[in-house]
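Structural description and commentary
Below are the chains, spelled out letter by letter.
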Amino acid sequence: MKRFRSLLFLIVLSFVFVLVGCVENPSSKEASGEGETDAPSVEKGDKVVNIGYSGPLSGPAAYYGERTLNGLKLAVEEINNNGGFEVDGETYKFKLISLDDKYLPNETAANAKRLLQENQTPIIFSPHSGGIQAMQVFNEQENFLIGAYTSEPNVTETGNSLTVRIPPRYDGYMEPFTEYTMENFGKKIAALPTSSQYGKDWTETLLPFWKEKGGEVVYESSIDFAKDTDFFTIVTNALKKDPDVLFIGGPSEPTAKVAKQARELGFEGGFIVMDQAKLDEMKNVTESYETFEGAVGVVPLIESDYPGTPQFIEKYREEYGEDPGSEAGFHYVATYVFMEAMKAAGTVDDSKAIRENIQKGLDNLPEDKQVYVIPEIEDDGGFKTELRVAAVKNGEIVSINVED
């Protein structure tokens, strides 16, 4: 009898554990940034369109991931609060579902499958090339659009018919970045970019170009920001080769820490900052541009003068209490472009038809939503945007002229 009671107790206890395991921990979900935007207030007859997002919402790239997601959230909430949008006589509102992929391509692919199966998302945004390429393996078969926030040319050069690359391709930065740093600092470069696929691709493009222009690569390595938090050893090894320029990049926060470490070790040269890192966001780490004197990178959004930029900056500051970066601005614009493309296509779920109407989406984009001016989508599926380059000089951001 005692044995029977013990067995019964264990069975009941196991059942309790199963029930507890089925209860979702809201705090962990909130910490990772995963979740959904508030369910839109739907009037009688209104419908909802789900759009997906998979990006780094935890770990060292979380700062970057959260700000890409913020741009989407701001656009979605704004569209919904203004009554939604009309397609083929029906009124629709957006619901945004975001999942954390920890910057891992395999997680991005798994998240995309989940978004499709559970939410039937016609569009899934991703802010890193590895994740985008992982989704490209099956997105045409599964019939969903990829909102690709990466300047990696390969994601559109592969001919994937349902990929839209949002920012400018990075190979346009090679010449102005190289010319500026060679002219101002010298021809010896040491490479310390992120070890992600994006960092590898940037390196494989920049270093041959640097050599072609008469430069010398004195040190080449990379940093795994998912694992490394102290950069003393790798930066020391690079500086032993006496470089004039350091090539650095990845998410803004750890990239700033690499530059800071280099200055603390006595480096007085310039920096080439790959476009994922933003100079103004790097400044937030050090509280001044002094550390990044001589750095060349992309123009911060807050230094831009597009028609919709001032309104967007004001709204973003009000919502999030900080300045927006280009990743937030581009996602905000892209959401409106996709919405206008749906309206022009007369459908919210036919991804091919939406893609075919992206140019009309750009043409119909209201001026006050033009945080960036994007005149056209090129044949390869990439937005054509004016290339703008900046450098840090005397502790301030200065624009550098770039010839078309």
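A brief look at the structure comes next. Here the structure is a predicted model, which means the values were calculated and not measured.

Let's talk about empty space enclosed by the protein
One pass over the full model with this rule turns up one cavity of 30 Å³ or more. By volume, the largest cavity amounts to about 300 Å³. Taken together, 25 residues line the largest cavity, and the ones lying closest to its centre are Tyr149, Pro167, Tyr173, Ser326 and Phe330.

Examining the environment of isoleucine 302
Structurally, the position occupied by isoleucine 302 is in the loop between β12 (295-298) and α13 (309-320). Once the C-alpha coordinates of isoleucine 302 and isoleucine 313 are considered, the two residues, eleven residues apart in sequence, prove to be 7.2 Å apart. Those residues within four positions of isoleucine 302 in sequence are excluded, and the remaining contacts are Asp280, Ile313, Arg317, Asp323 and Pro324.

Re the environment of alanine 256
Here alanine 256 is to be found in helix α11 (residues 252-264). Alanine 256 gets classed as buried once you look at its relative accessible area, which sits at 0%. Taking the C-alpha atoms as reference, alanine 256 lies 9.3 Å from lysine 278; in sequence the two are 22 residues apart. Discounting chain neighbours no more than four positions away, the residues touching alanine 256 are Met282, Val285 and Phe292.

Notes on the pattern of salt bridges
Summed over all chains, the structure comprises 21 salt bridges. The salt bridge involving glutamate 142 is made with lysine 113; its shortest N-O contact spans 3.5 Å. Note that glutamate 142 is positioned in helix α6 (residues 139-142) and lysine 113 in helix α4 (residues 105-119), a separation of 29 residues in sequence. The exposure class of glutamate 142 is partly exposed, given its relative accessible area of 39%. Its relative accessible area of 32% is what places lysine 113 among the partly exposed residues. Look at the salt bridges and you will find they share partners, linking Glu157, Arg165, Arg169, Asp171 and Asp380 into a network.

Cut-offs used in this document
Residues numbered from 1 in each chain as written. Predicted model: local features only at pLDDT ≥ 70, side-chain atom pairs only at ≥ 80, totals over all residues. Heavy atoms only, no water. 1 Å grid on protein atoms, 1.4 Å probe; cavity = no way out; pocket = protein on both sides within 12 Å on 5 of 7 lines; lining within 4 Å. Points joined across faces, edges and corners; volume = space filled by probe spheres on them. Helix = DSSP H or I, 4+ residues; strand = E, 2+ residues; numbered from the N terminus. Contact = heavy atoms within 4.5 Å. Buried < 20%, exposed > 50% of the residue type's maximum accessible area, 1.4 Å probe, protein only. Salt bridge = Lys/Arg side-chain N within 4 Å of Asp/Glu carboxyl O.

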